[in-house]
Number of protein chains: 2
Amino acid sequence: MNESQHVSSQFDEDMARLRVRVSRMGGLVETQISAAMNAYSSGEVAVVKGIVETDHEINELEKAIDDDCAHVIARRQPTASDLRLVLGISKIVTDLERMGDEAKKIAKGVRRIHENGQDLAQFGAGVRHMAEAVLGMARRSLDAFARLDTGQAAGVIDADHEVDVEFKSIIRQLITHMMEDPRTITTAIDIITIARAIERIGDHAKNVSEQVVYVVEGRDIRHTKEKTA
Amino acid sequence: MNESQHVSSQFDEDMARLRVRVSRMGGLVETQISAAMNAYSSGEVAVVKGIVETDHEINELEKAIDDDCAHVIARRQPTASDLRLVLGISKIVTDLERMGDEAKKIAKGVRRIHENGQDLAQFGAGVRHMAEAVLGMARRSLDAFARLDTGQAAGVIDADHEVDVEFKSIIRQLITHMMEDPRTITTAIDIITIARAIERIGDHAKNVSEQVVYVVEGRDIRHTKEKTA
């Protein structure tokens, strides 16, 4: 084995370990989003405490992965696509951590609504539909990263627009509802907070997918109109 | 000049250029926040178009700086504090770009309120106070980065809690107001969006400051309770 092969195999080992950690973090985030949304649908708030606790674990993984990224760069001095993979991971973990934060916000919003003794049923369908779409985006973005699949990443990026439209429609419905029955205002504000958190998770899934394209193709497609052109 | 000095001076040149670009991006973001808040205070919506246009420039700077970071790592293979500076910049530009997005949200919210012919005066004082605090945090975080001043960074991190408290108080006031006079609901929802954007800018200023501590001291203080301990 020559020097270059030696370095390369150490790099591969480091990267395999890093990717396992990112997968673990992604899996946790996905579970958190799913648990928060189940709490919303069922009104079961017992899970909220667990969601808040697991968020700490996600935060620690973010720091551990960023630390790993810095060490891999310093020790292995990767270039080209190897470097893009490390830098992409460093961006992706920021988005994953924020997705976790948004899941926590959803859970806390559900608990507030429950504590106020309010009923969610009347706003259930719209928010649940958006939540399912966004959970699917989160899953597909993580899968796109795990398999470095730019086709799947493109699908996630395309899906984000629809979520934004749904979010705006939910806000309009809630405003109409509040005006008709001002007693619902407090709950409606909590539901807006929850809907916004769901919408933000979609944004972060899009960001993760954009990083997949960067890692694989070296193209930075952030802030472009024709993402998948 | 030996090989190591030669590499070091090229690195210093690259980094000086990078830091100038970050300063330029930071200056633009600061101007955007300030302009959006002036629009809120004055009700002058003519500036909103300019704010939306300048946001594109900020987005392009984010991509250019990230590209520079990747090139500096690949070419100069920095380690230790040099590497932390590059990785810190790569995190900071993400926060700066999002601060720009929030400024754009504020500006668009002001325009919506104006188009609906509503008056902002009654909610002015609380939001303006929070806005001034957050603009100060944004400025000090950029200054802390420019001078790699961890003391100033710690001050920004400490200030964030107070902004969160102010934000919650504004939301409570708005809910009371909406219940008393449901005709104000549409405007109140826009003001909540604006207040939330201001609060988020504070979060990003805190994130920038945490990166300053990482760059200077190598300590990752994200997600810790005692940030400045």
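Refer to the preceding data block for the structure.
Description of the structure in this document. (Residues numbered from 1 in each chain as written. Chains lettered and ligands numbered in written order. Predicted model: local features only at pLDDT ≥ 70, side-chain atom pairs only at ≥ 80, totals over all residues. Heavy atoms only, no water.)

Things to note about empty space enclosed by the protein
Residues and elements named next belong to chain A. The condition that has to hold: Points on a 1 Å grid, built from protein atoms alone, make a cavity when a 1.4 Å probe fits but cannot get out and make a pocket when they are open with protein on both sides within 12 Å along at least 5 of 7 lines; residues with an atom within 4 Å of a point are the lining residues. Grid points are joined across faces, edges and corners, and a volume is the space filled by probe spheres set on the points. Secondary structure elements are taken from DSSP: a helix is a run of H or I of four residues or more, a strand is a run of E of two residues or more, and numbering for both begins at the N terminus. Three categories are distinguished: nonpolar for Ala, Val, Leu, Ile, Met, Phe, Trp, Tyr, Cys and Pro, charged for Asp, Glu, Lys and Arg, and polar for the others, with Gly belonging to the last.
The final tally for this structure, using the stated rule, is one cavity of 30 Å³ or more. The wall of the largest cavity is formed by M37, Y40, I106, V127, R128, A131, I194 and I198. Those elements giving two or more residues to the lining of the largest cavity turn out to be α1 (3–42), α4 (124–147) and α6 (185–217). Residues that form the lining of the largest cavity fall into these classes: seven nonpolar, no polar and one charged.

Observations regarding the environment of S34 of chain A
Residue and element names in this part refer to chain A. The condition that has to hold: Throughout, a contact is declared for two residues whenever any of their heavy atoms are within 4.5 Å.
Take S34: it is sitting in helix α1. Residues S34 and E132, 98 residues apart in the sequence, show an inter-C-alpha distance of 8.8 Å. The contact partners of S34, leaving out residues within four places of it in the chain, are L135 and R139.

Notes on the pattern of salt bridges
The criterion, for reference: For this document, the term salt bridge refers to a Lys or Arg side-chain nitrogen within 4 Å of an Asp or Glu carboxyl oxygen. Exposure is judged per residue with a 1.4 Å probe applied to protein chains only, and the accessible area is read against the type maximum: over 50% gives exposed, under 20% gives buried, and values in between give partly exposed.
The tally for this structure, following the rule as stated, stands at 37 salt bridges over all chains. Across the pair D55 of chain A and K104 of chain A runs a salt bridge whose closest N-O atoms are separated by 3.2 Å. Pair noted here: D55 of chain A is in helix α2 (residues 48–76) and K104 of chain A is in helix α3 (residues 80–115), with a separation of 49 residues, a long-range link. Owing to a relative accessible area of 1%, D55 of chain A belongs among the buried residues under this scheme. A salt bridge links D160 of chain A to K206 of chain A; the nearest nitrogen and oxygen atoms lie 3.9 Å apart. A residue pair is termed long-range when its members are at least 10 positions apart, and D160 of chain A in helix α5 (residues 150–180) and K206 of chain A in helix α6 qualify at 46 residues. Its relative accessible area of 3% is what places D160 of chain A among the buried residues. What you see here is one network of salt bridges that share partners, running through E62 and D66 of chain A together with K91, D220 and R222 of chain B.

Let's talk about the interface of chain A and chain B
Just so we agree on the cut-off: What counts as buried area is the accessible surface, traced by a 1.4 Å probe, that two parts surrender upon association, with contributions from both included. Whenever two N or O atoms come within 3.5 Å, that pair is a polar contact, provided that in protein one can donate a hydrogen and the other can accept it, and provided that, for residues adjacent in sequence, both atoms are side-chain atoms.
Each side of the interface is counted separately: chain A has 38 residues, and chain B has 38 residues. Taken together, the two surfaces of chain A and chain B that pack against each other cover about 3400 Å², and 57% of this comes from carbon and sulfur. Of all residues in chain A, K63, R98 and H223 of chain A bury the most surface against chain B, accounting for 18% of the area lost on that side. Seen at the junction of chain A and chain B, the total is eight salt bridges. The salt bridge involving R98 of chain B is made with D95 of chain A; its shortest N-O contact spans 3.4 Å. Applying the counting rule to chain A against chain B returns 18 residue pairs in polar contact (both at pLDDT 80 or more). Elements that contribute at least two residues to the side of chain A that touches chain B include exactly α2, α3, α5 and α6 of chain A. Looking at which element gives the most residues to the side of chain A that touches chain B, the answer is α6 of chain A, with ten residues. Its residues assigned to classes, the side of chain A that touches chain B shows 16 nonpolar, eleven polar and eleven charged.

The analysis is restricted to geometry; functional conclusions fall outside its scope.
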